[in-house]
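Structural description and commentary
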Amino acid sequence: MWLKPEEVVLKNALKLWVTERSNDFFLLQRRRGHGESTGRITGLLVGALDTVLDSNARVIPFRILLQVPGSQISWVIASGAAIEEVNKHWDWLVHNLLHSLSVFENKEDVASFVKGKVKGLIAEEVRSRQAAQEDDPEKFREALLKFELHFGLPSSEKLVTFYSCCCWKGRVPRQGFLYLSINHMAFYSFLLGKEVKFIIPWADVMRLERVSAGLTEAIRVSTRQRQREFSMFLNLDETFGVIGQLADIALRRLLDSEGLELDRVLQQPTRITKRILEEQAIREYVLALFRLPRAEKLHEVASCAVWTPHARCHTSGTLYTTDSYLCFSGREEGSCILIIPLSEVVSIEKAESTSSLPNPIIVSIRTKKAFQLIELQNRDELVDNLNTRLRAMQWKQSMFRSRKDSRKSLSSPTPYYTFYYDTGFSDEEEIEEQVLRNTINSEALMTAFHQTTAEANGGESLEQVKERLWNSHFSDFGRGVHMFRTEKIQRLVAMGIPESLRGELWMTFSDACSELDSHQGNYTSLVQKSMGQNSLATEEIERDLHRSLPDHPAFQNPTGIAALRRVLTAYAHRNPKIGYCQSMNILASVLLLYAKEEEAFWLLVAVCERMLPDYFNRRVIGAQVDQSVFEELIRERLPELAEHVPDLSSLSSVSLSWFLTLFLSVLPFHSAVRVVDCFFFHGIKAIFQLGLAVLEANAAALCACTDEGQALMILTSFLDKVGSKAPFSPPPSPTAAEESSHSEADSPATRHINIIDLINESYEKFGDLTVRHIERLRCQNRIRVLQAHEDTAKENALRLVTSEVSITPDVLSDIYDLFKTEHFISLYWGDSSSAAAAEAAAWSHTTSGRSFIERQYRLDRAQFKSLYGLLVPWPGDLTQHNDTVANRTFTLLDQDHDNLVTFREFAGWLDTL
């Protein structure tokens, strides 16, 4: 293969290479020891040297050198593992370059000419590889050449895709092509002799919108400086989705967002293609729909039909397979969902195909039940792939069990929890430990602190009736993670899960039970490691322990407080990136009421890491994104309210707590727990629906509000009155529910007073809200949230530095932008994978005492020297010593010796000059 020319000072140092072919300008060499008889001692030594080197450093056995007559320096320009490959490169050089090189008078020009040709060949190979991945390779290859020609970006700026479109300038459309690359969107048009071209870095994009442009729909891209509108796309939905994805990925990669999760493939920009973006969009949707672990990789997507015993027919839909799951969704999202963890599967077999059952497979699970899937195309390949993953998982499970059994045989039985303290116990601590030892393996806290109700239904309590209905449902739809989830179960959940089943069903709906099964003993280990340790997280936990459901008796005694402390501290130890954030204590305390302690821990893991992604970090990015999505939904679903309240962000001060605490902090406890039931069944969609229902119920009063405080009082008063007690009736059929809603319309005083009514109303009016739509809005609005944080960071940085320098605020703002751009350049076109890793490693040990503003951007030595040459005030004829002075200046500014300079230090240097 052709290589980027690299200098070799000694062509045959230590006689490690043997020259096979040569001429005046090129050498073809073989690594000594390769292809030689084993009896020669030199070959043996060189072969041994190459063998002991690790796999990344092993030397390819053949290479071609460029040599300039009379010079001791040569350049490696090609290499290969086989002589045939290198001979092809040699023949190309001899036939295409050798004659041309003989006419050069200046031998130094020979090296420049050949190196330029080789770099061109490498670029051509890259283009060919990129084009080969596209549906129309020749068309993409042509677009790639035009992209490089028109915009002159570095060769490492990878083109992802391109579209024919119009760019509007006022009311005048300019027909051209929109090129979407890893770091930029670029437009080029040449019409009637007039050229129009511009580049927009993704890092500058503030907002993406679909707007009306005349008679057609357009995509509006807003930056800090201006707006651009593009229209006349063949597929506007596809284009808007790709633009949103690329902008989202670039901002999450470039801006220091403190823990935002980004898929491993997307962290390597050179691997991103249009096909990968399409796969990633489907994967994000699948993870959100089925609330799977974020690390799951999507493998197959196939149309099929599943036998549904409760309906006595096959239900058509789509099968999604991941590393550890088989997931099915009916054609209408949410109509029928089935999740089968591979850890529960015993076998996956092909059955005989018939006209009524084409291409069937049978999935058998541990509980001696089986699921039948039919109408699967590529059935053989699908089953083979599934069985490969199933065997790998079963082997891991058997290895885990054998290690566990061996440890048990070597050790004596120990208590479920063991606690270690460095200091002596106080009386309170001794009492607490004794209580803990007495409650090892105890049930959920609600069992010990149960508050009975006198509600009855003809002699049968509400709880008994609900239990009977759920047991009947289990017999028809199954029990456990792999139960069929349909509209009927939705109505049961809205009615309220019985307390005796709440913990089990929360574990089932979230699939936290699979996490618990696959991590047996992990919680005990985390408790033992984390107890007694002091950190910022443990200090915050201790401060919030007594604020968690202070009115509930379970958390007014040492037992409940100690259990909550263990769960929160163990989680902070498991996931230090999140650690502990406010509102986690409220969630964990409610989980402990209805689930055993270890189950509550894994429920908390499911909520923080899967069901509410990016919510629990220092800047609650995920929650702010969903607030922005909520505003979009208000404009879509409640346009009259949006018209009367132009600044919908004013409602965020109220609604943010709804999302962070799942309404637990604003509703009466027994009502709020029913919202949590819906959340575990539907995910975040339930909170969006309920939030919209609350706003609609108070729309008239909110439209009459004059300030934010009045709106807060209206919503708070309304939520305080939402109770859970009401005459019991079994969940109505859809038809009966519609009749009930019409009859209740005449009684506004009671319409919203019951939580069941409110939940049912949210389903009826906003039940068509889909996970797919929410995910699209999240991607689109994450851009705005990240850029808002970026603006805030800039304002804080300027405010911090302005008082320390004499530079005017406007100039200082421009300097900040220049500093940030120089920081981005290394991420754009440097060796971003290794450079970023090296920078992170160099920076990690020095950031603990620094604010986020100081950590936001920093320059290394090379970047500082680049800006130094541009900004020094002396004339150009005095710059011969710039490099030396820039090096010394950087060393002077780098007082903490981390090889990085912050904006504060940079601004101080400029002010001194």
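Here goes a summary of the coordinates provided. (Residues numbered from 1 in each chain as written. Predicted model: local features only at pLDDT ≥ 70, side-chain atom pairs only at ≥ 80, totals over all residues. Heavy atoms only, no water.)

As for the pattern of salt bridges
Pairs can form between side chains of opposite charge whenever their charged atoms are close. Taken as a whole and assessed by the stated rule, the structure comprises 33 salt bridges. As a salt-bridge pair, E631 and R635 come within 3.9 Å of each other at their nearest N and O atoms. Here E631 and its partner R635 are both found in helix α20 (residues 621-637), four residues apart, which amounts to about one turn of the helix. A relative accessible area of 10% means that E631 is categorised as buried. (Salt bridge = Lys/Arg side-chain N within 4 Å of Asp/Glu carboxyl O. Helix = DSSP H or I, 4+ residues; strand = E, 2+ residues; numbered from the N terminus. Buried < 20%, exposed > 50% of the residue type's maximum accessible area, 1.4 Å probe, protein only.)

Description of the state of the cysteines
Applying the stated rule across the entire model yields zero disulfides. Looking at C703, it has no disulfide partner, and the nearest cysteine sulfur is the one in C705, 8.5 Å off. (Disulfide = S-S within 2.5 Å.)

Quick word on unusual backbone geometry
At R312, a residue that is not glycine, the phi angle is positive and equals roughly 55 degrees. For R312, the location among the structural elements is in the loop between β13 (298-308) and β14 (313-322). The residue N899 is not glycine, and still its phi comes out positive at about 60 degrees. Take N899: it is sitting in the loop between α35 (882-893) and β24 (901-902).

So, the environment of G579
Structurally, G579 can be placed in the loop between α17 (558-574) and α18 (584-594). Each C-alpha atom of the pair G579 and T569 lies 8.3 Å from the other, and the pair is ten residues apart in sequence. Setting aside its immediate chain neighbours within four residues, G579 contacts Y571, A572 and M584. (Contact = heavy atoms within 4.5 Å.)

Thoughts on the packing of helix α31 (residues 809-829) against helix α34 (residues 861-871)
The geometry of α31 relative to α34 is characterised by a closest axis approach of 10 Å and an angle of 140 degrees between their N-to-C directions. Comparing the axis directions of α31 and α34 gives the class oblique. In terms of crossing hand, the pair formed by α31 and α34 is right-handed. Within the contact between the two elements, α31 uses L818, F819, E822, H823 and S826 and α34 uses Q863, S866, L867 and L871. When the residues that make up the contact of α31 with α34 are grouped by side-chain class, the tally is four nonpolar, four polar and one charged. (Axes fitted to C-alpha atoms, helices over the stretch in contact; angles between N-to-C directions. Parallel < 35°, antiparallel > 145°, perpendicular 65-115°, else oblique. Left-handed = near helix turned anticlockwise from the far one by under 90°. Nonpolar A, V, L, I, M, F, W, Y, C, P; charged D, E, K, R; others polar.)

Here we look at the sheet that holds strand β3 (residues 26-31)
If you walk across this open sheet you meet the five strands as β1-β5-β4-β3-β2, and the pairing is antiparallel. With one partner strand each, in any of the chains shown, β1 (2-8) and β2 (17-22) form the two edges of the open sheet. The mean inter-strand angle of the sheet, taken between neighbouring strand axes irrespective of direction, is 30 degrees. Two elements, β3 and strand β4 (residues 62-67), share five bridges in a ladder whose sense is antiparallel. When the bridges of β4 are listed, L28 appears paired with I64. Contacts from helix α2 (residues 83-96) reach β1, β2, β3, β4 and β5 (74-80) within the one sheet, and its direction differs from that of β3 by about 175 degrees. (Pairing = 2+ DSSP bridges.)

Side note on the environment of F104
Among the structural elements, F104 can be located in the loop between α3 (98-101) and α4 (107-132). Not counting residues up to four positions away in its chain, the partners in contact with F104 are D109, V110 and F113.

Things to note about helix α16 (residues 536-544)
Those residues of α16 that sit buried are A537, T538, E540, I541 and D544. End-on view of α16: buried residues confined to an arc of 160 degrees, all on one side of the axis. Against the buried residues of α16 lie α17 and α18. (Arc of directions from axis to C-beta.)

Observations regarding the side chain of R485
Inspection of the secondary structure puts R485 in strand β22 (residues 485-486). With no salt bridge to any partner, buried R485 finds its closest opposite charge in D511, at an N-O distance of 6.4 Å. There is a polar contact of 3.4 Å between the side chain of R485 and the backbone oxygen of T508. Among the polar contacts made by the side chain of R485, one reaches the main-chain carbonyl oxygen of F509 at a distance of 3.3 Å. Residues in contact with R485, not counting those within four places in the same chain, are R291, G334, S335, C336, I337, I339, T508, F509 and F681. (Lys, Arg positive; Asp, Glu negative; His and termini not counted. Polar contact = N/O pair within 3.5 Å; in protein donor to acceptor, adjacent residues only side chain to side chain.)

Here we look at the side chain of N781
Note on placement: N781 falls in helix α30 (residues 771-802). Side chain to side chain, N781 and R784 meet in a polar contact 2.9 Å long. Beyond its immediate chain neighbours, meaning those up to four positions away, N781 contacts V625, S628, V629 and E632.

What about the packing of helix α15 (residues 522-530) against α17?
Where α15 contacts α17, the axes come no closer than 9 Å and their chain directions differ by 90 degrees. In terms of axis orientation, α15 runs roughly perpendicular to α17. Counting all contacts with α15, which are made through Y523, L526, V527, K529 and S530, the residues of α17 involved are R566, V567, T569, A570, H573 and R574. Its residues placed into classes, the contact of α15 with α17 shows five nonpolar, three polar and three charged.

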